[in-house]
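So you can see what is in the structure, the chains are spelled out below.
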Amino acid sequence: MEITKLKPEYDRTSELKALDETKAGVKGLVDAGVKEVPWIFHQLPDQFEKNSVSGGIQVSIPVIDLEGVKKDPGARQKIVEKVRNASRSWGFFQVVNHGIPLSVLEEMKDGVRRFFEQDLEMKKQFYTRDYTKGVAYNCNFDLYSSPAANWKDTLYSLMAPNPPVPEELPEVSRDIMMEYSKQVMHLGYFLFELLSEALGLQPDHLKDMDCAKGLTMLSHYYPACPQPELTLGATKHSDDDFLTVLLQDHFGGLQVLHDNQWVDIPPTPGALVINIGDLLKASLYSLFLLVLFRYDNPSRRNRGGTAERKK
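Residues numbered from 1 in each chain as written. Predicted model: local features only at pLDDT ≥ 70, side-chain atom pairs only at ≥ 80, totals over all residues. Heavy atoms only, no water.

Points about the environment of Ser146
Then step 1. If you trace the backbone, Ser146 turns up in the loop between strand E3 (135-138) and strand E4 (153-160).
Then step 2. For the pair Ser146 and Ile40, spaced 106 residues apart in sequence, the C-alpha separation works out to 9.8 Å.
Then step 3. Side-chain polar atoms of Ser146 contact the backbone oxygen of Ala148, separated by 3.1 Å. (Helix = DSSP H or I, 4+ residues; strand = E, 2+ residues; numbered from the N terminus. Polar contact = N/O pair within 3.5 Å; in protein donor to acceptor, adjacent residues only side chain to side chain.)

Thoughts on the confidence of the model for the protein
Then step 1. Looking at the protein as a whole, its pLDDT mean stands at 87, while 84% of the residues score no less than 70.
Then step 2. Low pLDDT, under 50, characterises residues 1-6; the predicted model gives this stretch zero contacts beyond four residues in sequence or across chains.
Then step 3. Every residue in residues 288-307 scores below 50 in pLDDT, and together they form 94 contacts with partners more than four places removed in sequence or on other chains. (pLDDT = per-residue confidence, 0-100. Contact = heavy atoms within 4.5 Å.)

Focus: the pattern of salt bridges
Then step 1. For the coordinates displayed, the defined rule picks out 10 salt bridges.
Then step 2. Note that Arg113 is salt-bridged to Asp110, the shortest N-O span being 2.4 Å. You can see Arg113 and its partner Asp110 sitting in helix H4 (residues 102-117), three residues apart, about one turn around the helix.
Then step 3. Using a relative accessible area of 29% as the deciding quantity, one classes Arg113 as partly exposed.
Then step 4. Of the charged contacts in the structure, one is a salt bridge between Glu121 and Lys124, with a shortest N-O distance of 3.4 Å. Taken together, the residues span about one helical turn, with Glu121 and Lys124 both in helix H5 (residues 120-124) at a distance of three residues. (Salt bridge = Lys/Arg side-chain N within 4 Å of Asp/Glu carboxyl O. Buried < 20%, exposed > 50% of the residue type's maximum accessible area, 1.4 Å probe, protein only.)

Comments concerning the packing of aromatic side chains
The description of an aromatic ring pair uses the distance of the two centres, along with the angle that the planes make with each other.
Then step 1. All chains considered together, the criterion is met by eight aromatic pairs.
Then step 2. Aromatic ring contacts, followed pair by pair, group Phe115, Phe116, Phe126, Tyr127, Tyr137 and Tyr221 into a single cluster.
Then step 3. Lying across the ring of Phe190, Lys70 places its NZ or CZ 4.9 Å from the centre.
Then step 4. Geometry around Tyr189 places Lys207 over its ring, the cationic atom sitting 4.3 Å from the centre. (Phe/Tyr/Trp six-rings, centres within 6.5 Å; stacked < 30°, edge-to-face > 60°. Lys NZ or Arg CZ within 6 Å of the ring centre and 35° of its normal.)

Structural notes on the packing of helix H3 (residues 73-89) against helix H6 (residues 174-198)
When two helices pack together, their arrangement is given by the angle between the helix axes and by the axis-to-axis distance.
Then step 1. Here H3 crosses H6 at 80°, and the two axes come no closer than 9 Å. Relative to H6, H3 is oriented roughly perpendicular. Of the residues in H6, those in contact with Arg76, Ile79, Val80, Val83, Arg84 and Ser87 of H3 are Phe190, Glu193, Leu194, Leu195, Glu197 and Ala198.
Then step 2. Its residues assigned to classes, the contact of H3 with H6 comprises seven nonpolar, one polar and four charged. (Axes fitted to C-alpha atoms, helices over the stretch in contact; angles between N-to-C directions. Parallel < 35°, antiparallel > 145°, perpendicular 65-115°, else oblique. Nonpolar A, V, L, I, M, F, W, Y, C, P; charged D, E, K, R; others polar.)

Some points on unusual backbone geometry
Then step 1. Residues Ala160 and Pro161 are joined by a peptide bond in cis, for which omega reads 10°.
Then step 2. In this structure, Pro161 sits in the loop between E4 and H6.
Then step 3. A positive phi angle, near 65°, is found at Asn140, a position not held by glycine.
Then step 4. Within the secondary structure, Asn140 is located in the loop between E3 and E4.
Then step 5. The class of Asn140 is buried, set by a relative accessible area of 2%.
Then step 6. At Asp210, a position not held by glycine, the phi torsion is positive, near 70°.
Then step 7. Tracing the backbone shows Asp210 in the loop between helix H7 (205-208) and strand E5 (215-221).

Here's what the structure looks like:
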């Protein structure tokens, strides 16, 4: 006799509201000693795609070394070509020797952990779903609208063009958030130069279109999960920005969709993952330059990292 385990009836809206009202997020569930993933986090079967790269085939996103790019015209030309090829074939690439010190990257990751692992009463003052606020912490921005919640909490910070005053940022991570954002802003300007040149345009073209005007920091926290086979840190999606600069933690879990295969992006010390977002693709289309890229709407899902989004 085949026995089918049926999901018990439950009031989803009430459970979502109950989680939201704790202001403790997923971290609060873990701290409370939860042994089973609540139903609101159970992902639909089609989210767990099996077509990952396997069978000994080694596929990885391009890694671009920016060493010497500002001093050697010959090196810059080669790097621009690599950016062009990576953008055309993947929509993603990693950069190393990008100018942001490793100490800053490590301190940024530590700052994220400090925020989410501090006393709950300190975090609660930032908990909100009002994104008109420059700084907001919550569990899943789409908690009430998505088919299933992701196993993560997030701190949202709008860092440009109108940065928050220091007192608006969490004290435990304030200094590094400001320093890291400043560094990423400079890197973003330079990446838009390379992308402009890759398109055969003047270096300031994309910057002059205000592609680099805004900067949003999304700091994600993925607590240990008792049943990871039932949920995801982030479901498949594309980024609705111009450019994403992603700093991974050492746990990994980030994947990108390439040629209908999910490809792992293992964490690399000092590397940053660059994702060309939907807004930049739309802008290029408006310039009738879409032909230079293969737009296959690459998606990603991940279980750790801090993302800076240019929009």
